[in-house]
Amino acid sequence: MTFKMTAVLGALIWAGTGSVFAAAPQDPAVVKIGHVAPTSGQSAHLGRDNEDGARLAIEDLNAQGVVIGGRKVKLELVAEDDGADPKQATAAAQKLVDAKVAGVIGHLNSGTTLPASKIYNDAGIAQISPSATAPKYTLQGFKTAFRVVANDVHLGGTLGRYAIEQLKGKVVAVIDDRTAYGQGVADEFEKGVKAAGGTLVARESTTDKATDFSAILTSIKAKKPDILFFGGMDSVGGPMLRQMKQLGLQAKFVGGDGICTADLPKLSGSALSSIQVVCAEAGGVEGDQKKTLEAFRARFKTRFNHEVKLYAPYVYDAVQVMVAAMVKAGSSDPVKYLPTLAATQDYPGVTGRIGFDAKGDIRHGALTIYTYKSGQRESLGVVR
């Protein structure tokens, strides 16, 4: 069965009606879906990847012909750039509210998702983040906040235990980039290390725009760690790896989904050939689901002429889940479809089955552990 047919049939089954994508005689009504990510700045490569995931979902749904409340609709993507900056993020959020979007997919970073989430909540607009992992996001009590990836408690804690139990690390150093994401995932990694019996010998901080890490790395090298964890994004992790190689710091380099990207080999240069990198992506598929995800990746590359960098499949699923809730509720009005979205339990996405708990977190979140070989990511397996 082709990917397209699988996705369509899955949505039909989930929605419980054969008329979800039926034709309607009226001219289509426009339903605006907002998307926010950093399409400028150091994380622009990830932000553009996210936006492409949203664009592909909108194109697919429009091609299939979505009917909401008995009327055919045309979905329209309204994209904003938050520059990975909290202040810019709130301005972008307000623009989407003013544009009267029916829902928002985003933001990419926890540091931008958190301040924006209050604006969406105050306006009563549904928000699904495809990548923000800070636990606080869904602990604010907002009925409008959802995410389709596991949070830092799961991601960081699991990586911490993995570093000790599977990578056989004993002496661990941690660096974070002072962002909500970087500090959060580093804190949970540290807890996981200690719970598994590891020893933490250093906890340092840099920034998400830093380029020189020589002082921090020299200090850490003297403590002879066998594991160095970095809480941050690939745009900082890549240069950090280069300087680790220059200094002869041979510790295994471990990180969360922020570094676990297709661009890390380019950003780190030859350092990957001498330093083992192990990272985790929030999400994971097994068995036959792998074929569905690989088919999506192939279609994505054909459409945009570049590989999926990281979060695009989760953005795609977030759009699909949101629109499926509108279809099932018979309305694109957030007041009417939000309860249906919150009740989602088993939506067939390209990243796996999607359901939300009472807080808006994804149920049964999985992680995929990766390493890099010959400049390519290679899966070490899915953990839950």
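Being a predicted model, the structure only gives us computed values, none of them experimental.

Novice: Help me understand the sheet that holds strand S3 (residues 71-81) in this model?
Specialist: Either a parallel or an antiparallel arrangement is found when strands of a sheet pair, and the pairing is made through backbone hydrogen bonds. Ordered in space as S2-S3-S1-S4-S5-S6, the 6 strands form an open sheet in which the pairing is mixed. Unpaired on one side and paired on the other, strand S2 (66-68) and strand S6 (145-147) mark the two borders of the sheet. On average, each strand axis in the sheet is tilted by 35° relative to the strand beside it, whichever way the strands run. Direction of pairing for strand S5 (residues 126-129) relative to S6: parallel, over a ladder of 3 bridges. Within S6, the position partnered with Ser 129 by the bridge is Arg 147. Contacts from helix H4 (residues 110-123) reach strand S1 (29-37), strand S4 (103-105) and S5 within the one sheet, and its direction differs from that of S5 by about 160°. Helix H12 (residues 334-342) contacts S4, S5 and S6 of the sheet and is inclined by roughly 40° relative to S5.

Novice: Explanation requested: the side chain of Ser 131 in the structure shown.
Specialist: With respect to the secondary-structure elements, Ser 131 resides in the loop between S5 and S6. For Ser 131, the side chain forms a polar contact with the main-chain oxygen of Leu 108, separated by 2.7 Å. Aside from chain neighbours lying at most four places away, what touches Ser 131 is Asn 50, His 107, Leu 108, Val 149, Asp 257 and Tyr 311.

Novice: How should I be thinking about the state of the cysteines in this particular structure?
Specialist: By definition, a disulfide links two cysteine residues through a covalent bond between their sulfur atoms. Summed over all chains, the structure comprises 1 disulfide. Paired through a disulfide, Cys 260 and Cys 279 show a sulfur-sulfur distance of 2.2 Å. Looking along the S-S bond of the Cys 260-Cys 279 disulfide, the torsion reads about 60°, which is the right-handed sense. Remark: Cys 279 occurs in strand S11 (residues 277-282) and Cys 260 occurs in the loop between strand S10 (252-255) and helix H9 (264-268); sequence separation between them is 19 residues. The exposure class of Cys 260 is buried, given its relative accessible area of 0%. Cys 279 sits in the buried class, given a relative accessible area of 0%.

Novice: How do you make sense of the side chain of Thr 144 when you look at a structure like this?
Specialist: Take Thr 144: it is sitting in the loop between S5 and S6. A polar contact of 3.3 Å, which involves the side chain of Thr 144, links it to the side chain of Asn 121.

Reading the values: the criteria
Residues take numbers from 1 onward in each chain, read along the sequence in its written order. In keeping with the predicted nature of the model, local features appear solely for residues at pLDDT of at least 70, side-chain atom pairs appear and are counted solely at 80 or more, and the whole-chain, interface and lining totals rest on all residues. With hydrogens and water excluded, all non-hydrogen atoms of the structure serve as input to the side-chain values. The pairing criterion is simple: DSSP has to find at least two bridges between the two strands. Segments assigned H or I by DSSP are reported as helices when at least four residues long, segments assigned E as strands when at least two residues long, and all are numbered from the N terminus. Note on geometry: axes are lines fitted to C-alpha atoms, helical ones only across the stretch in contact, with angles between N-to-C directions running from 0 to 180 degrees. Any two residues having at least one pair of non-hydrogen atoms within 4.5 Å are treated as being in contact. Two N or O atoms form a polar contact when they lie within 3.5 Å of each other; inside protein one atom must be a possible hydrogen donor and the other a possible acceptor, and for residues adjacent in sequence the pair counts only when both atoms belong to side chains. Defined by distance alone, a disulfide is two cysteine sulfur atoms within 2.5 Å. Categorising residues by exposure relies on relative accessible area from a 1.4 Å probe, with only protein chains included: less than 20% of the type maximum marks a residue as buried, more than 50% marks it as exposed, and the intermediate range marks it as partly exposed.

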